[in-house]
Structure formats: C-alpha cells, structure tokens
Amino acid sequence: MSATSAPIISRAEGEKLAKDYLSSIASSFLANDMTANKALMADTVSWDWSGDVKGEGTQADYYAVLAGSWQLVVSQFIHSNEFTVVDTKRGIICCTFDVVLIMDGRGVVPITEANTFQGKNLFELTVNAEKKVTSFRGVWDPLDLKLGTAFGAVMTAKAA
C-alpha cells in the first residue's frame, strides 16, 4: 500500500462496526424488527450467504429475503467470542464468532434442545466511504443437520 492511499475505514472504525452490526442483529431478531440493522446498511446492497442465497438490490429487497428466511425462524441470536479483521484499504470487515440461535419461529414451535443451535459463523461486511454496508457475506455450514432440522421444523409449522 502506498503512503498516499487513503483508507475507506480505520481498523478501530471497522472493529466498532462489526460489534455494532452483531449487536444490531441480536436486538433486531429479538424484537422482530430490523430497524437497528437497517441503520448500518447502504441504500443498495448485495448479499451472499451459505445455502446459495445471493442477490443484489435495494435495502428493502435485502430485508424481504431476510424476512422470508432467518427473521421468520430465529427469535434470538446470541453471539460471543468475536474476532475481527479489517482491510482498511478495501473497506472489508471480517468477523468470526460463536453463535447460539433460538429457532422457534417466535413461538411457532417450542424452545427445546432440538431447535437451539450452536455453531460458528463468519460475516464479511464491505462498506463505502460513508461507512455503510454495501455487501454482506455470511459463511456457516449449510449442511449442518441440526441447523437444517430446526429451520425446517419452523418452516413446516408456519406452512401448517
């Protein structure tokens, strides 16, 4: 990197954004209201998460996909052991963390061991000069049997 290259985001700003992003996801799932998370996002965004869910569009498009999937299923998103790396030049923030998901569809199925998922995730956020997220990438094991069973149980119950 040349001495004249200006960063898009500082390391401290990126680390704070990662913490704010995870906290906003946790509070948004708990409240079933994504307003806190929307405040961190750009007007247009791309997304690519495990399970081959990809797209690009307006912020409303992104949240419509989320509303029909994870927001529909997860009542609580509990994160811990965060580790963040920031590419200051490209505006990329990677955060790995442990996660516990309460996947009861907001009471559609009872909270049991079967729908309390524990795993590891990686979120990659790309930001613009305004420090708004323009791209979200989520990585986890989409073939995890417990995760798939819990997700499916809620979707089946909602369809009934």
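Scroll up to find the structure this text is about.
These numbers were taken from a predicted model, which means no experiment stands behind them.

In this model helix H1 (residues 11–31) runs 30 Å from its N-terminal to its C-terminal C-alpha over 21 residues, within 8% of the 30 Å that 1.5 Å per residue would give. Inspection of H1 places Gly14, Leu17, Ala18, Tyr21, Leu22, Ser24, Ile25, Ala26, Ser28 and Phe29 among the buried residues, and these make up the whole buried set. Asparagine 32 occupies a position one or two residues after H1 and carries a positive phi of about 55°.

Turning next to the environment of lysine 146. Summarising the element assignment, lysine 146 is placed in helix H5 (residues 145–159). With a relative accessible area of 29%, lysine 146 lands in the partly exposed category. Between the C-alpha atom of lysine 146 and that of valine 109, which follows or precedes it by 37 residues, the distance is 15 Å. Dropping the residues within four chain positions of it, lysine 146 is found in contact with Glu113, Ala114, Thr116 and Phe117.

This brings us to the nonpolar core. In this structure, Tyr21, Tyr62, Trp70, Phe77, Leu101 and Met103 are the most contacted members of the largest nonpolar core, which totals 39 residues. No other element matches the seven residues that H1 contributes to this core. Ignoring any residue separated from it by four or fewer positions in sequence, one finds tyrosine 21 in contact with Asn37, Leu40, Met41, Tyr62, Phe123, Leu125, Val133 and Phe136.

Further remarks concern the packing of aromatic side chains. Counting across every chain of the model gives 14 aromatic pairs. Between the aromatic rings of tyrosine 21 and phenylalanine 136, the centroid separation amounts to 6.0 Å while the plane-to-plane angle is 20°, which identifies the pairing as stacked. With tyrosine 21 in helix H1 and phenylalanine 136 in strand E6 (residues 133–139), the pair connects residues that are 115 residues apart, well separated along the chain. Residue classification places phenylalanine 136 among the buried positions, given a relative accessible area of 4%.

Let us now look at the pattern of salt bridges. What the rule picks out here adds up to six salt bridges. Measuring nitrogen to oxygen at the nearest pair gives 2.8 Å for the salt bridge that ties arginine 90 to aspartate 87. Judged by its relative accessible area of 54%, arginine 90 falls in the exposed class. The partly exposed category is assigned to aspartate 87, whose relative accessible area is 25%.

Procedures and definitions
Residues numbered from 1 in each chain as written. Predicted model: local features only at pLDDT ≥ 70, side-chain atom pairs only at ≥ 80, totals over all residues. Heavy atoms only, no water. Helix = DSSP H or I, 4+ residues; strand = E, 2+ residues; numbered from the N terminus. Expected span 1.5 Å × (residues − 1). Buried < 20%, exposed > 50% of the residue type's maximum accessible area, 1.4 Å probe, protein only. Contact = heavy atoms within 4.5 Å. Core = buried A, V, L, I, M, F, W, Y, C linked by side-chain atoms within 4.5 Å. Phe/Tyr/Trp six-rings, centres within 6.5 Å; stacked < 30°, edge-to-face > 60°. Salt bridge = Lys/Arg side-chain N within 4 Å of Asp/Glu carboxyl O.

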